[in-house]
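Residue strings, one per chain:
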Amino acid sequence: DGLPEVPLLCVVPVSLKSERERRELSNKVSAMTIRLPTHQDELEAIVRAVHRETADAKRVFQAVEDDLVPAWLELVPPRLTRAGTRLFSELHLADRVPAIANLIVSNMMGPPVPLYFGGARVEAVYPMGPVGEGMGLNLTVLSNMGRLDLGVLACRELVSDPWEIAEGFTRAVVELAAAAAARDASDAYTTSRRATGASAS
């Protein structure tokens, strides 16, 4: 019961790489900000709200000219970015300036083939995404041979028990699967009743 009565804001990284650049070991990333309906209780309402929010954010993001964001990003030298980040941290500006978001949520495509290390097959790959000033929680999902591995990284001053979030994530997936199965069963029953009624008439 520790959630606020207003939605949490999450930053979702978006890759700006072209098809050719995807073969290179480099990053070219921007981000979208999405409201999470953490103030709602009903599962279907939550899923619909997330779908609506992400669809709207994608439309806004795509409305920006494709070459505009990368062009601005390339104007900022890496040294200046690092110095600004360090200064922001040392001056404790995150304590005085409201954060642009509460957490980072990301998903990445992982290896489509089995990986081996020292002859042993890699069973899971847990990603570790960055946390930032004022954004003390990062949830990153990585696909791995037909499964999803979740990495939870948190600032201990802001999130006292990251395991609670990791275990809650698992419980939520089970609840969503059960709700989807119940809805499918209800839809199948309704379709069957309609078909029976139509054939009787």
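Rules and cut-offs
Residues numbered from 1 in each chain as written. Predicted model: local features only at pLDDT ≥ 70, side-chain atom pairs only at ≥ 80, totals over all residues. Heavy atoms only, no water. Helix = DSSP H or I, 4+ residues; strand = E, 2+ residues; numbered from the N terminus. Buried < 20%, exposed > 50% of the residue type's maximum accessible area, 1.4 Å probe, protein only. Contact = heavy atoms within 4.5 Å. Salt bridge = Lys/Arg side-chain N within 4 Å of Asp/Glu carboxyl O. Core = buried A, V, L, I, M, F, W, Y, C linked by side-chain atoms within 4.5 Å. pLDDT = per-residue confidence, 0-100. Pairing = 2+ DSSP bridges. Axes fitted to C-alpha atoms, helices over the stretch in contact; angles between N-to-C directions. Polar contact = N/O pair within 3.5 Å; in protein donor to acceptor, adjacent residues only side chain to side chain.

How do you make sense of the overall build of the protein chain when you look at a structure like this?
Helix and strand counts for the protein chain come out as 4 helices and 7 strands. Helices and strands appear in the protein chain in the N-to-C order β-β-α-α-α-β-β-β-β-β-α. Across the 201 residues in the protein chain, those meeting the buried criterion constitute 20%. Within the protein chain, contacts between residues separated by at least 24 positions form 55% of all contacts whose residues are at least 6 apart in sequence.

Help me understand unusual backbone geometry in this model?
When glycine is set aside, most residues are seen to have a negative phi, and most peptide bonds are trans. Of note in this structure, Met145 is not a glycine but carries a positive phi near 50°. Tracing the chain through its elements places Met145 in the loop between strand E6 (137–144) and strand E7 (147–154).

I tried to follow the pattern of salt bridges on my own but got confused; where do I start?
Opposite charge on two side chains makes pairing possible when the charged atoms of those side chains draw close. Applying the stated rule across the entire model yields 5 salt bridges. Arg183 serves as the salt-bridge partner of Glu44, at 2.6 Å between the closest nitrogen and oxygen. Here Glu44, found in helix H1 (residues 43–63), pairs with Arg183, found in helix H4 (residues 162–200); they are 139 residues apart in sequence, far enough to count as distant. Note on Arg183: relative accessible area 39%, which makes it partly exposed.

Just to check I follow, could you spell out the nonpolar core for this structure?
Side chains that are nonpolar tend, in soluble globular proteins, to be buried together. Counting residues in hydrophobic clusters, the biggest one holds 14 residues, and the most contacted among them are Cys10, Val12, Met32, Ile34, Leu103, Leu137 and Leu139. For this core, the element with the most residues is strand E1 (residues 8–15), which contributes 4 residues. In this structure, Leu139 is in contact with Leu103, Ile104, Val105, Ser106, Leu150, Gly151, Val152 and Ile165, ignoring residues within four places of it in sequence.

Mind showing me how you'd approach the confidence of the model for the protein chain here?
Do not read the fine detail of predicted coordinates wherever pLDDT is low. On average, the protein chain scores 79 in pLDDT, and the residues at 70 or more come to 72%. Averaged pLDDT values over the elements of the protein chain bottom out at 52 in helix H2 (residues 68–75) and peak at 94 in strand E5 (residues 120–121).

Is there a simple way to think about the environment of Pro7 in this case?
One can find Pro7 in the segment before E1. Sequence spacing of Pro7 and Gln40 is 33 residues, and the spatial spacing of their C-alpha atoms is 8.6 Å. Discounting residues that sit within four places of it in the chain, Pro7 has contacts with Arg35, Leu36, Thr38 and His39.

It is not clear to me how the pairing of strand E2 (residues 29–36) should be interpreted in this structure. Could you clarify?
The side chains of a regular strand alternate, first on one face of the sheet and then on the other. Burial of the side chains of E2 is restricted to one face: Ser30, Met32, Ile34 and Leu36 are buried, whereas none of Val29, Ala31, Thr33 and Arg35 on the reverse face is. Pairing of E1 with E2 involves 8 bridges; the strand directions are antiparallel. The residue of E2 that forms the bridge with Leu8 is Leu36.

Just to check I follow, could you spell out the side chain of Ser106 for this structure?
Along the chain, the position of Ser106 falls in strand E3 (residues 103–108). Looking at Ser106, the relative accessible area reads 13%, which means it is buried. Apart from residues no more than four positions distant in its own chain, Ser106 is found in contact with Pro13, Leu139, Thr140 and Val141.

Just to check I follow, could you spell out the pairing of E1 for this structure?
Examined bridge by bridge, E1 and E3 share 2 bridges and lie parallel to one another. Looking at E3, one finds that Val11 is bridged to Ile104.

For this particular structure, what's the right way to read the sheet that holds E2?
Strands pair in a sheet through their backbones, by hydrogen bonds, and they do so in one of two ways: parallel or antiparallel. Taken in spatial order, the 5 strands line up as E2-E1-E3-E6-E7 in an open sheet, and their pairing is mixed. What marks the edges here is a single partner per strand, and that holds for E2 and E7. Strand-to-strand twist in this sheet, taken as the mean axis angle between neighbours without regard to direction, amounts to 25°.

Which parts of the structure should I look at to understand the side chain of Asp149?
Relative to the elements of secondary structure, Asp149 occurs in strand E7. Polar contacts involving the side chain of Asp149 include one to the side chain of Arg147, which spans 2.9 Å. Excluding residues within four positions of it along the chain, Asp149 makes contact with Ala124, Val125, Tyr126, Pro127, Thr140, Val141, Leu142 and Asn144.

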